[in-house]
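The primary structure of each chain is shown beneath.
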Protein chains: 2
Amino acid sequence: MRNLHHPTLKNVPLSVILHALSDPVRLQIVRVLDKHGESCCGGLELGLAKPTQSHHFKVLREAGIIAVRVEGTQRCLSLRKADLDKRFPGLMDAILKAKSPL
Amino acid sequence: MRNLHHPTLKNVPLSVILHALSDPVRLQIVRVLDKHGESCCGGLELGLAKPTQSHHFKVLREAGIIAVRVEGTQRCLSLRKADLDKRFPGLMDAILKAKSPL
DNA sequence: TTGCTTGTTCGAAAATTTTCGAAGCATTAT
DNA sequence: ATAATGCTTCGAAAATTTTCGAACAAGCAA
């Protein structure tokens, strides 16, 4: 699979974004990507089975929240911060600045 | 039932707030309350059976997003905007300003 | 080629969520 | 006291979500 689909944010409903971010695991992924920048799937120590992680990556990608870049056998994940800021100004900043608990 | 429980926002995890807001029906309720101010349950024309509406009101109340005031046989709903702004600055503004689709 | 690394897809179980009819419960009106 | 109003709770069906083992696929290395 060479090219993965990344939706245009314009077409993503707010409820889809909020749903994708409403899971503690996915919120954690987003925070790690914001803090450390682009990271490979394996670099995120989430304490979950690989298929489960893969599922969450897919939800985030299809919601337009993360971009996935193929590099050899690895997938490099990054936050689509600029796209998100344009579509929903202030949303990600508010979410990323929030204090724990998730 | 005289006094309904309203959680202290400080104790509500972000994921709970986002989950409550991730349903299009509940997003619609929040938008109506923001636009029209305090409204009674019956005043929101949601096109859903009453038990279903009641369910969504409960989810929003238990997430700390709306306040419910008992007035006779009616329940008056309002957005806990100030509390939300304090706990998650900028979050509700970003959500309320978002363009359709929900 | 063979094997190793990295991650996805398949299939399925368990949990959660959304929905609504029927019944119930305060409160107000008659 | 009886009935009407406004909303909630109960019980249950249907849909969705979360999770993971097993199998699979693509790239890299020996």
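Everything quoted here is computed from the prediction, not taken from an experiment. (Residues numbered from 1 in each chain as written. Chains lettered and ligands numbered in written order. Predicted model: local features only at pLDDT ≥ 70, side-chain atom pairs only at ≥ 80, totals over all residues. Heavy atoms only, no water.)

(A) Region of the structure containing the environment of Lys99 of chain A. Looking at the element boundaries, Lys99 of chain A is found in the segment after α5 (91-97). Given a relative accessible area of 61%, Lys99 of chain A falls into the exposed group. Separated by 91 residues in the primary sequence, Lys99 of chain A and Thr8 of chain A have C-alpha atoms spaced 29 Å apart. What Lys99 of chain A contacts, discounting residues up to four positions off in sequence, is Arg31 of chain A together with Arg87 of chain B. (Helix = DSSP H or I, 4+ residues; strand = E, 2+ residues; numbered from the N terminus. Buried < 20%, exposed > 50% of the residue type's maximum accessible area, 1.4 Å probe, protein only. Contact = heavy atoms within 4.5 Å.)

(B) Fine view of the pairing of strand β3 (residues 74-79) of chain A. All names here are of chain A. Relative to β3, strand β1 (residues 39-40) is paired through two bridges, and the arrangement is antiparallel. Within the sheet, the bridge partner assigned to Cys40 lies in β3 and is Cys76. Between strand β2 (residues 66-71) and β3, which follow one another and run antiparallel, lie two residues, and Gly72 among them has a positive phi close to 65°. (Pairing = 2+ DSSP bridges.)

(C) The arrangement of the protein's contact with DNA strand C in detail. If you check the shell around DNA strand C, you find 22 residues, and the closest are Gly42, Lys50 and Ser54 of chain A together with Thr52 and His56 of chain B. Counting only atoms of DNA strand C within 4 Å of the protein, the sugar-phosphate share comes to 68%. Contact distances for DNA strand C include 3.2 Å between a phosphate oxygen and a backbone N or O atom of Ala49 of chain B. Examining the composition of the surface near DNA strand C, we find that four residues originate from one element, helix α3 (residues 50-62) of chain B, more than from any other. In terms of residue class, the surface near DNA strand C is made up of seven nonpolar, 10 polar and five charged. (Near = heavy atom within 4 Å. Polar contact = N/O pair within 3.5 Å; in protein donor to acceptor, adjacent residues only side chain to side chain. Nonpolar A, V, L, I, M, F, W, Y, C, P; charged D, E, K, R; others polar.)

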